[in-house]
Every structure is written in C-alpha cells, then in structure tokens.
Amino acid sequence: MIRKIYSLLLKHYGKQNWWPGNRFEIVISAILTQNTRWENVEKSLENMRRKGIDSFKKILELDDGALKELIRPSGFYNQKAERLKILSEYMESQGGLEKLFSKNKHKLRKELLALKGIGPETADSILLYAGDKLIFPIDAYTKRFWKRFFGEEKTYHELQEIFHKELPRDLEAYKEMHALIVELCKNHCKKRPLCDSCPLSEHCKKITD
DNA sequence: CTCCAGGGGGCCA
DNA sequence: TGGCCCCATGGA
C-alpha cells in the first residue's frame with residue numbers, strides 16, 4: 001500500500017527535489033526548519049550566503065549576536081543559534097562531512113541525538129538528505145497522514161519501521177516520499193480534510209475526527 | 001486580529 | 001515515542 005501511495009503522489013505532485021543544495025546548508029537548515037516555514041529558512045540561508053558563512057568553522061567564528069541576527073527570520077533564534085554552535089562544534093570535531101558520513105549510520109544517529117537540539121526528525125533528515133543514508137524521517141505531517149489514511153495513531157519508531165519495510169530500498173524513494181507526504185498534507189490532511197480533491201481520495205478513510 | 005509552520009527541551013506525574 | 005508549556009518570526 002505504501003508503494004501504491006508513493007506512486008500516486010509522485011504522479012500527482014511530481015518530483016519535489018527537496019534540499020538540492022550542498023551538505024552544509026542541508027545540515028544547518030535541518031535545525032533552522034524546526035517548526036518553521038521553509039520560506040523563513042530560505043531568508044536565513046540567504047543571509048548566511050551573503051555573509052559568506054559556508055562552513056561550520058565560520059559559524060563558530062561568528063559571535064552569538066551576529067549569528068542570531070542572521071537566522072532571525074527562522075524564529076526561535078536564541079535557541080537555534082545555540083544549537084547551531086553545538087552542532088558546528090561536533091561537526092568540526094569529526095573532521096569534515098565525508099568522514100562523518102562514512103561512520104556506521106546507527107552509531108552516527110545516536111551521536112546526533114545526543115546533541116542538544118537534535119531530535120529524531122532532525123537527525124533522520126540529516127542522515128537521509130545530507131548523508132544519503134536509507135533512513136526515513138517521520139514528521140508531524142507523516143503522523144497526521146497516517147491517522148487520516150489508516151485511522152490509527154503510531155509512534156515515531158512504529159511508523160519508521162513501516163516505511164523502512166515497505167518503501168523501495170532506494171534513496172530517491174525515501175527522499176521523495178517524505179517530501180510528497182508534506183506536500184499532500186499542506187493541501188489535504190489539515191484539521192478538516194479536503195478529501196474530495198485529494199489525490200488519495202479513493203483510498204482515504206475520510207477520517208474527520 | 002488569529003493561526004501555525006518540514007521540532008525539541010525541560011519538567012512533571 | 002506520555003502530556004504540557006515554551007521558544008519567535010512572518011505569511012495568510
């Protein structure tokens with residue numbers, strides 16, 4: 001069923017091509033986008049580019065006030081500035097992204113989760129989109145989608161196991177499916193589902209709370 | 001004006 | 001990953 005949904009969503013919305021940028025930007029935007037609209041994250045990324053902040057080393061060289069100012073559009077800038085610093089120190093201690101992502105993915109995931117400000121979704125997004133690891137991130141949209149579609153609430157781990165078991169073992173499928181579910185929910189899985197025009201309407205249970 | 005976004009930490013029971 | 005509150009900007 002997951003594969004069927006994937007193919008329906010792909011046909012309806014097309015390829016999303018999330019996070020086509022470089023690994024550095026993917027990693028920092030994983031923090032910046034926490035509970036924040038992507039358009040606001042782009043403003044912050046543009047601020048960083050304009051100042052030539054293109055490495056974790058340069059983030060560490062910024063004083064806290066300057067960093068907060070650059071990322072202000074993404075909201076929660078006090079805590080996100082602190083979290084970017086912590087993440088940058090970790091990244092610098094690892095000797096570069098190549099070495100980092102050559103580690104065992106489960107070991108790396110544990111290390112990321114141990115950092116303040118990195119929870120399951122942020123860690124898994126970094127591993128999938130920056131590290132090209134076959135790990136499927138579960139976000140609020142995915143939980144909402146599952147509840148609408150199958151009528152049951154599942155935990156992060158339960159949902160992740162389901163997608164890992166049923167999705168094609170294919171990086172593009174993982175990356176696209178996560179983005180496609182977000183696109184679907186932005187349009188159709190809100191509090192009041194708009195089942196009629198939903199591309200999955202024929203398969204949806206039409207849960208209305 | 002209100003609502004909420006591509007979460008996570010801290011704290012509590 | 002229990003539940004609740006907090007963090008903050010900016011678009012609709």
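Cut-offs applied
Residues numbered from 1 in each chain as written. Chains lettered and ligands numbered in written order. Predicted model: local features only at pLDDT ≥ 70, side-chain atom pairs only at ≥ 80, totals over all residues. Heavy atoms only, no water. Domains from an automatic or database assignment. Buried area = accessible area lost by both parts, 1.4 Å probe. Core = buried A, V, L, I, M, F, W, Y, C linked by side-chain atoms within 4.5 Å. Buried < 20%, exposed > 50% of the residue type's maximum accessible area, 1.4 Å probe, protein only. Contact = heavy atoms within 4.5 Å. Axes fitted to C-alpha atoms, helices over the stretch in contact; angles between N-to-C directions. Helix = DSSP H or I, 4+ residues; strand = E, 2+ residues; numbered from the N terminus. Left-handed = near helix turned anticlockwise from the far one by under 90°. Nonpolar A, V, L, I, M, F, W, Y, C, P; charged D, E, K, R; others polar. Parallel < 35°, antiparallel > 145°, perpendicular 65-115°, else oblique. Salt bridge = Lys/Arg side-chain N within 4 Å of Asp/Glu carboxyl O.

So, the domain arrangement of chain A
So, step 1. Looking at the assigned domains, one finds that chain A contains domain 1 (2-16 + 137-197) and domain 2 (23-130).
So, step 2. Placing the centre of domain 1 and that of domain 2 at their C-alpha centroids yields a distance of 25 Å.
So, step 3. Summed over both sides, the interface of domain 1 with domain 2 buries roughly 730 Å², with 61% coming from carbon and sulfur.
So, step 4. For domain 1, the biggest contributors to the area lost against domain 2 are Pro 137, Tyr 156 and Lys 175; these three give 59% of the whole.

Considering the nonpolar core
So, step 1. Ranked by internal contacts, the top residues of the largest apolar core, which has 63 residues, are Leu 112, Phe 145, Phe 163, Met 177 and Leu 200.
So, step 2. No fewer than three residues from each of domain 1 (2-16 + 137-197) and domain 2 (23-130) sit in this core.
So, step 3. In contact with Met 177, other than residues within four places in its own chain, are Ile 2, Ile 5, Tyr 6, Leu 9, Phe 136, Phe 163 and Leu 167.

Brief notes about the packing of helix 5 (residues 64-71) against helix 6 (residues 77-93)
So, step 1. Between helix 5 and helix 6, the shortest axis-to-axis distance is 9 Å and the interhelical angle comes to 115°. Of the two possible hands of crossing, helix 5 and helix 6 adopt the one that is right-handed. For the pair helix 5 and helix 6, the contacting residues are Asp 64, Leu 67, Lys 68 and Ile 71 in the first and Tyr 77, Asn 78, Lys 80, Ala 81, Leu 84 and Lys 85 in the second.
So, step 2. Residues that form the contact of helix 5 with helix 6 fall into these classes: five nonpolar, one polar and four charged.

Comments concerning the side chain of Thr 122
So, step 1. Counting through the fold element by element, Thr 122 comes out in helix 9 (residues 120-130).
So, step 2. The exposure class of Thr 122 is buried, given its relative accessible area of 8%.
So, step 3. If sequence neighbours within four positions are ignored, Thr 122 has contacts with Ala 30, Ile 31 and Gln 34.

Some words on the packing of helix 9 against helix 12 (residues 171-188)
So, step 1. At a minimum axis distance of 10 Å, the contact between helix 9 and helix 12 shows a crossing angle of 140°. Regarding the angle of helix 9 to helix 12, the classification is oblique. Crossing of helix 9 against helix 12: the hand is left-handed. Facing Glu 121, Leu 128 and Tyr 129 of helix 9, the residues of helix 12 in contact are Leu 171, Tyr 174, Lys 175, His 178 and Ala 179.
So, step 2. Residues belonging to the contact of helix 9 with helix 12 are distributed by class as follows: five nonpolar, one polar and two charged.

Brief notes about the pattern of salt bridges
So, step 1. All chains considered together, the criterion is met by 15 salt bridges.
So, step 2. Across the pair Glu 61 and Lys 57 runs a salt bridge whose closest N-O atoms are separated by 3.0 Å. Here Lys 57 and Glu 61 lie together in helix 4 (residues 56-61), a separation of four residues that amounts to about one turn.
So, step 3. Glu 61 sits in the exposed class, given a relative accessible area of 55%.
So, step 4. On the basis of relative accessibility, which here comes to 48%, the residue Lys 57 falls in the partly exposed class.
So, step 5. Here Asp 64 ties to Lys 85 by a salt bridge, and the two come within 3.6 Å at their closest N and O atoms. Of the two residues, Asp 64 sits in helix 5 while Lys 85 sits in helix 6, which places them 21 residues apart along the sequence.

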